[in-house]
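Each chain, written out:
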Amino acid sequence: MKKTEIEKRTTELVDPILNELGLKLWDVVYVKEGKDFYLRVFIFKDGPIDISDCVNVSRALDPKLDEENFISDAYTLEVSSPGLTRPLKTENDFRHSIGRLVELKTYKPVNGAKEFEGTLKGYNEKEIIITVDEEEVTFSKEDVSGIKLAFVEEEKE
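What this report covers is the structure whose coordinates are included nearby. (Residues numbered from 1 in each chain as written. Predicted model: local features only at pLDDT ≥ 70, side-chain atom pairs only at ≥ 80, totals over all residues. Heavy atoms only, no water.)

1. Details of helix α1 (residues 3-21)
Heads up, the rule is: Where helices and strands are cited, they refer to DSSP runs of H or I of at least four residues and of E of at least two residues respectively, numbered from the N terminus. Helix span, as expected, comes to 1.5 Å for every residue beyond the first. Bend, at a single residue, is the angle you get between axes fitted to the 7 residues ending at that residue and the 7 residues starting at it. Summary of the burial criterion: residues with accessible area below 20% of their type's maximum are buried, those above 50% are exposed, and those between are partly exposed, where the area comes from a 1.4 Å probe applied to protein chains only. By definition in these notes, contact holds between two residues if any of their heavy atoms fall within 4.5 Å.
With 19 residues, α1 extends 26 Å between its outermost C-alpha atoms, agreeing within 8% with the 27 Å of an ideal straight helix rising 1.5 Å per residue. Taking the largest bend as the criterion, α1 deviates by roughly 30 degrees, centred on V14, and proline P16 comes between one and four positions later. Taken together, the buried positions of α1 are I6, E7, T10, L13, V14, I17 and L18. Those residues of α1 hidden inside the fold are in contact with β1 (24-33), β2 (36-44) and α2 (51-68). The first or second residue beyond α1 is G22, which carries a positive phi of 75 degrees.

Encoded structure:
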């Protein structure tokens, strides 16, 4: 089975589990690192993900993966949060991140720079719009090498 098919079938299996647990799916990635294969499921919710969330998803998903047995390679299942500076890849990622601070990198300079930090204002299949220093800047998606949520330190009261 191809990588994309493995990720798609895993998504189909994990979605009902996450709905039941009040969690959401950020991404599923099947990857080979060295000689080992990893099936990574990244989850999130409103508020922080803790270890019990990851354990609960892993314990519910693992038997379903074993039962269906659609991955021919030996692999390790990992369930975790995508992290505070998670990359934006899918439409779902962008939709959940509107109004949030992002870091965007381009392949070639735009207005003399290749790295930008600003608030994600909008997106479509061809463009990403962020506000940088109170000015809206539109980037062609094909010129963007990466975009992720920026780390924002919470103020302590």
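2. Considerations on the pairing of strand β6 (residues 127-132)
Applied cut-off: Two strands qualify as a pair provided DSSP detects at least 2 bridges between them.
Relative to β6, strand β5 (residues 113-123) runs antiparallel, the two being bridged by 4 bridges. By the bridge assignment, G122 is partnered in β6 with I129. In terms of strand pairing, β6 meets strand β7 (residues 135-140) through 6 bridges, oriented antiparallel. Note on β7: the bridge partner recorded for I129 is T138. Hairpin connection, β6 to β7: the antiparallel pair is bridged by 2 residues, and D133 has positive phi, about 50 degrees.

3. Here's the deal with the packing of aromatic side chains
Selection criterion: The pairing test for Phe, Tyr and Trp rings, Trp by its six-membered ring, is centres within 6.5 Å, and the orientation test on the planes gives stacked under 30 degrees, edge-to-face over 60, and tilted for anything in between. Remark: a charge is flagged as sitting over a ring if the NZ atom of Lys or the CZ atom of Arg is within 6 Å of the ring centre and within 35 degrees of the ring normal.
In total, this model carries 4 aromatic pairs according to the counting rule given. Positioned over the ring face of W26 is R86, at 4.9 Å from the centre of the ring. The ring of F94 is capped by K141, whose NZ or CZ atom sits 4.9 Å from the centre of that ring.

4. Digging into the side chain of T131
Looking at where T131 falls in the secondary structure, it is placed in strand β6. For T131, the residues in contact, after removing those within four places along its chain, are E117, G118, T119, K121 and E136.

5. Topic: the nonpolar core
Here is the rule we go by: Side-chain atoms within 4.5 Å link the members of a nonpolar core, which is a set of buried Ala, Val, Leu, Ile, Met, Phe, Trp, Tyr and Cys residues.
By size, the foremost hydrophobic cluster in this structure holds 21 residues, and its most contacted members are L39, V41, I43 and L61. Elements that contribute at least two residues to this core include exactly α1, β1, β2, α2 and β3 (75-80). The dominant element in this core, judged by the number of residues it contributes, is α1, at 5 residues. If sequence neighbours within four positions are ignored, V41 has contacts with T10, V14, L25, D27, V28, L61, L77, E78, V79 and S80. Judged by nonpolar contacts, the second largest core, of 17 residues, contains L88, F116, L120 and F139.

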